[in-house]
Amino acid sequence: MEWSDVRIFLAIARSGTLGAAARLLHLSHPTIGRRLRALEDATGQVLFQRTAEGFVLTEEGTAILPLAEQMEDSALTMERRLAGEQQQLEGTLRVSSADWFGAYVLPPVIADYSREYPHVEIEVLTGARLFNLAQREADVAFRIVPFDGPDIVQRRLTQMRYGAYVANASADPVEGNGTGSRLIAMDTSTGTFPDIDWLKTRFPNASVAMQSNNRNVQAQMCGRGLGIAVLPRPVGDQVNTIRRLDLSEDPPGREIWMGYHRDLRRLHRLRAFVDIVIKHLAD
């Protein structure tokens, strides 16, 4: 069984449809279907049950899943270590972060890096999803919590400061009260946010106008006068439609962590990027 076939098997098992597997592997839908049929013909086993909801592993498919994942681990380890030995400052560097961090914190870092190393192509992957460093979905990632995966080299960069903001034309809310004011909060379905808890405590009588898991959206809605928002200072201080409130205390900050897989620690284009990040952001 070839590794290319195993990749297709794993992609279908994880995504549940041929279309999703095709998008994951950047292949066409017919190619995925054809390769799956060839794999099942070669093994003499039906690996997936075709259902109205998608592709479900059969007993035979379930039995080989751990072996396929072991093959994937070996292949990815080989790929990472070979990449880690590359000495040229060229190729692609994949950087993962939250939306706001990629939009407001990373631009000067990437601009400096791109000027100094013009032959490296940079991919910035942003969003709430945590890209897998072991599977090389990203080469380096920035998060507000420490990394918990094995074999990750990580560093705490800085304590990010936050502030409370309102639209330029809005009146100052009454601190400790908040009657008549509205709040722009985070969607807490994915966890708790100390800055949002602080906001609700600081203005206990204010109502929540909206929730969003995107700090850029919060900043724009704040600028439209929808309510008070707590934002990372690099976001709030750069949006010209809002102003920071002068309160008796600041919202709690968050730590910023940078991490990459240890197999890439000798990759020169990564090391050069890490050095520039530290120069710009490290405490």
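Residue positions within a chain follow its written sequence, with the count starting from 1. With pLDDT at 70 or above as the cut-off, local features in this predicted model cover only qualifying residues; side-chain atom pairs require 80 or more to be listed or tallied, and sums for whole chains, interfaces and linings still use all residues. For side-chain calculations, the full set of non-hydrogen atoms in the structure is used, while hydrogens and water are omitted.

The protein appears in an unreviewed UniProt entry as DNA-binding transcriptional regulator, LysR family from Paraburkholderia fungorum.

The way it works is that DSSP assigns letters per residue, a run of H or I at least four long becomes a helix, a run of E at least two long becomes a strand, and they are numbered from the N terminus. Helix and strand content of the protein: ten helices and twelve strands. Here the term buried applies to any residue with accessible area under 20% of the maximum for its type, exposed to any over 50%, and partly exposed to those in between, with areas from a 1.4 Å probe on protein chains only. Looking at the protein as a whole, 43% of its 283 residues qualify as buried. The criterion used for residue contact is that any of the two residues' heavy atoms lie within 4.5 Å. Look at the contacts in the protein between residues 6 or more apart in sequence, and 75% of them connect residues 24 or more apart. Areas reported here follow the Shrake-Rupley algorithm with a probe of radius 1.4 Å; residue values treat only the protein chains shown as occluding. Summed over its atoms, the accessible surface of the protein is roughly 14,700 Å², and 49% of this surface lies on carbon and sulfur atoms. Taken as two groups, the 32 positive and 35 negative side-chain charges of the protein have centres that lie 3 Å from each other. All tallies of charge rest on Lys and Arg as positive and Asp and Glu as negative; His and the ends of each chain are not included. One atom stands in for each charge, and that atom is NZ of Lys, CZ of Arg, CG of Asp or CD of Glu.

The strands making up a sheet are joined through hydrogen bonds of the backbone, oriented either antiparallel or parallel. In spatial order, the strands read β9-β8-β10-β7-β11; together these five strands make up an open sheet with mixed pairing. Two strands in the sheet have a free side with no partner beyond their single neighbour: β9 (207-211) and β11 (242-244). Direction aside, neighbouring strands of the sheet carry axes that sit 35 degrees apart on average. Pairing between strands is defined by DSSP: at least two bridges between the two strands are required. As paired strands, strand β7 (residues 162-167) and β11 are joined by three bridges and run antiparallel to one another. What sits directly across from Tyr165, in β11, is Arg244. Here an axis means a line fitted to C-alpha atoms, over the contact stretch when the element is a helix, while the angle between two N-to-C directions is reported on a 0 to 180 degree scale.

Let us now look at helix α2 (residues 18-25). Most of α2 is tucked away, with six of its eight residues classed as buried. Tucked inside the fold, the buried residues of α2 contact α1 (3-15), α3 (29-43) and β2 (54-57). Polar contact criterion, stated in full: a pair of N or O atoms within 3.5 Å, where within protein one must be able to donate a hydrogen and the other to accept it, and residues adjacent in sequence count only if both atoms are side-chain atoms. Capping of α2 at its N-terminal end is provided by Thr17; its side-chain oxygen lies 3.0 Å from the backbone amide nitrogen of Ala20. A positive backbone phi angle near 60 degrees is found at His26, which sits one or two residues after α2.

Bringing the packing of α2 against α3 into the picture now. One can describe the packing of α2 onto α3 by two numbers: an axis separation of 8 Å at closest approach and a directional angle of 105 degrees. Between α2 and α3, the angle is such that the two are roughly perpendicular. Taking contact as the criterion, the partners of Leu18, Gly19, Ala21, Ala22 and Leu25 in α2 are, on α3, His29, Ile32, Gly33 and Leu36. Taken together, the residues that form the contact of α2 with α3 break down as six nonpolar, three polar and no charged. The scheme is simple: roughly parallel for angles under 35 degrees, roughly antiparallel for over 145, roughly perpendicular for 65 to 115, oblique for anything else. Classification used: nonpolar for Ala, Val, Leu, Ile, Met, Phe, Trp, Tyr, Cys and Pro, charged for Asp, Glu, Lys and Arg, polar for all others including Gly.

Below, the discussion takes up the nonpolar core. Take the buried Ala, Val, Leu, Ile, Met, Phe, Trp, Tyr and Cys residues and link them wherever side-chain atoms come within 4.5 Å; each set so joined is a nonpolar core. If you look at the biggest cluster of nonpolar residues, it comprises 49 residues, and the most contacted ones within it are Phe101, Phe142 and Phe273. Broken down by element, this core gets its largest block of residues, seven residues, from helix α10 (residues 268-281). Per the annotation, domain bounds derive from an automatic or database assignment of domains. Inspection of this core shows a minimum of three residues originating in each of domain 2 (91-159 + 255-281) and domain 3 (162-252). Excluding residues that lie within four positions of it along the chain, Phe101 makes contacts with Leu106, Pro107, Phe142, Met160, Ile256 and Leu281. Counting 17 residues, the second-largest nonpolar core is a separate cluster that includes Leu10, Ile12, Ala21 and Phe55.

Looking now at the domain arrangement of the protein. With domains assigned, the protein is organised as domain 1 (3-64), domain 2 (91-159 + 255-281) and domain 3 (162-252). Domain 1 and domain 2 are separated by 32 Å when their C-alpha centres are compared.

Here strand β5 (residues 140-143) shows a buried face lined by Val140 and Phe142 and a second buried face lined by Ala141 and Arg143. Note that strand β3 (residues 91-97) and β5 share two bridges and pair parallel. Bridge pairing in β5 links Val95 to Val140. In the sheet, β5 pairs with strand β12 (residues 254-261) via three bridges, with the strands oriented antiparallel. Within β12, the residue paired with Ala141 across the bridge is Gly259.

Attention now moves to the pattern of salt bridges. Salt bridges are counted wherever a side-chain nitrogen of Lys or Arg sits within 4 Å of a carboxyl oxygen of Asp or Glu. The tally for this structure, following the rule as stated, stands at 17 salt bridges. Notably, a salt bridge pairs Arg35 with Asp5, separated by 3.3 Å at the nearest N-O pair. Linking Arg35 in helix α3 with Asp5 in helix α1, this pair joins segments that are 30 residues apart in sequence. On the accessibility criterion, Arg35 (27% relative accessible area) is partly exposed. Judged by its relative accessible area of 18%, Asp5 is buried. A salt bridge links Asp139 to Arg136, with the shortest nitrogen-to-oxygen separation between them at 2.7 Å. Each member of the pair, Asp139 as well as Arg136, is classed as buried. Through salt bridges that share partners, Asp151, Arg262 and Asp263 make up one connected network.

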